[in-house]
Amino acid sequence: MFEYLNGVIKIKKAEYLAVDVNGIGYRVYITLKTYDKVKIGEKKELYIYNVIKEDTFKLVGFLEERERMLFEMLIGISGIGLSLALSIMSTFTIENIREIVLNEDFKTLKRVPKLGEKKSKQIIIDLNNKIKTLNLMSTEEPSGEILNNAIEEELYMALESLGYSKKEIDSLISKEELKDYTTLESAIKGVLKKIQLRR
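Residues numbered from 1 in each chain as written. Predicted model: local features only at pLDDT ≥ 70, side-chain atom pairs only at ≥ 80, totals over all residues. Heavy atoms only, no water.

Peer 1: How do you make sense of the pattern of salt bridges when you look at a structure like this?
Peer 2: Any two side chains of opposite charge can pair if their charged atoms end up close together. Counted by the stated rule, this structure contains eight salt bridges. In this structure, Glu-65 engages Arg-68 in a salt bridge whose closest nitrogen and oxygen atoms are separated by 3.8 Å. Of this pair, Glu-65 and Arg-68 are both found in helix α2 (residues 65-75), three residues apart, which corresponds to roughly one turn of the helix. Residue classification places Glu-65 among the partly exposed residues on the basis of a relative accessible area of 37%. (Salt bridge = Lys/Arg side-chain N within 4 Å of Asp/Glu carboxyl O. Helix = DSSP H or I, 4+ residues; strand = E, 2+ residues; numbered from the N terminus. Buried < 20%, exposed > 50% of the residue type's maximum accessible area, 1.4 Å probe, protein only.)

Next comes the structure, spelled out in C-alpha cells:
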C-alpha cells in the first residue's frame, strides 16, 4: 500500500504518468487536471489511492490530498467506478464540484460522458454532507460560516470515534466557542484540554 510517491516524471500521457522513485518506475493513473500541471523531468509528490482487486493493482495519483479524498467519496457511490470518477475530476475542479453539489446542479454535472441524470442526482445526494470536509483542506479561504460548520462536523466525528456521545460533546464545547477555532486541530486540542481539566 502506498500513501504517496515522491519522484521524477519520466513519461507523461493523458491517462497516466511514469514516476521514477529511486530508479523504480511506477505507473500512476491521473486526471486531466493533474496532466496539465506536471512536466516531464520535474519532481512531484503524488498522493496515492491504491486500487486493489483480485486481478489488478493500480495506483491513482493526485497533487492534493483533498483531491484524493474527493476521489474516494466518488468511488464510494454506487455505480461510480475508477474511470468515471477520474472523468468527473478531469472535467471539474473541486471548487466546481462543490458549487454543483451545493446548488444541486445535476444538469451541469451530467455533461461528463457516460454520466446520466440519475447518476448525477445520486452523486449530489451522496456528496451533500461529505463535501463540507473538503473545505477544511481547501487552498482557498472558506467563509467563516462554512469553516465553522465543517470544523464542527469533523470535531464531532473525531470525538464520537473516541467514544464520546453527542450529549457529552455538547457539554464540552458550545457553538460560540467553536467560532474561536480556525482549524480542526486547534478545536480538538481545546476540547481535550477541557477534558483533562475536568479529571
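Peer 1: When you look at helix α6 (residues 117-130) in this model, what are you seeing that I'm missing?
Peer 2: Because an α-helix packs 3.6 residues into every turn, residues spaced three or four apart end up facing the same way. Across its 14 residues, α6 extends 20 Å between first and last C-alpha, which sits within 8% of the 20 Å expected from 1.5 Å per residue. Within α6, burial applies to Ser-120, Ile-123, Ile-124 and Leu-127. Along α6, the residues classed as buried sweep out an arc of 100° about the axis, all on the same side. Facing away from the buried side of α6 by more than 90 degrees, the exposed set consists of Lys-118 and Ile-125. The inward-facing, buried residues of α6 abut α2, α3 (82-91), α4 (94-102) and α5 (106-109). (Expected span 1.5 Å × (residues − 1). Arc of directions from axis to C-beta. Contact = heavy atoms within 4.5 Å.)

Peer 1: Looking at this structure, how should I read the side chain of Arg-66?
Peer 2: Examined against the element boundaries, Arg-66 turns out to sit in helix α2. With a relative accessible area of 4%, Arg-66 lands in the buried category. One polar contact links Arg-66 to Glu-64, side chain to side chain, over a distance of 2.5 Å. (Polar contact = N/O pair within 3.5 Å; in protein donor to acceptor, adjacent residues only side chain to side chain.)

Peer 1: Looking at this structure, how should I read the sheet that holds strand β5 (residues 56-62)?
Peer 2: Hydrogen bonding along the main chain pairs the strands of a sheet, whether they run parallel or antiparallel. On the basis of which strands lie adjacent, the closed barrel formed by five strands has the order β1-β2-β3-β5-β4 and mixed pairing. Between one strand and the next, the sheet's axes are offset by a mean angle of 55°, whatever the strand orientation. Pairing of strand β2 (residues 16-21) with strand β3 (residues 24-29), which is carried by six bridges, proceeds in the antiparallel orientation. The partner of Val-19 across the bridge, within β3, is Tyr-26. (Pairing = 2+ DSSP bridges. Axes fitted to C-alpha atoms, helices over the stretch in contact; angles between N-to-C directions.)

Peer 1: Sorry, what's going on with a positive patch on the surface here?
Peer 2: Taken together, Lys-13, Arg-27, Lys-53 and Lys-58 make up a surface patch of like positive charges. Note that Lys-53 resides in strand β4 (residues 43-53). (Patch = residues over 30% accessible without salt bridge, like charges linked within 9 Å, V, L, I, M, F, W, Y side chains within 5 Å. Areas by Shrake-Rupley, 256 points an atom, 1.4 Å probe, with all protein chains shown as cover. Lys, Arg positive; Asp, Glu negative; His and termini not counted. Charge placed at Lys NZ, Arg CZ, Asp CG, Glu CD.)

By themselves, these observations are geometric and do not establish any function.
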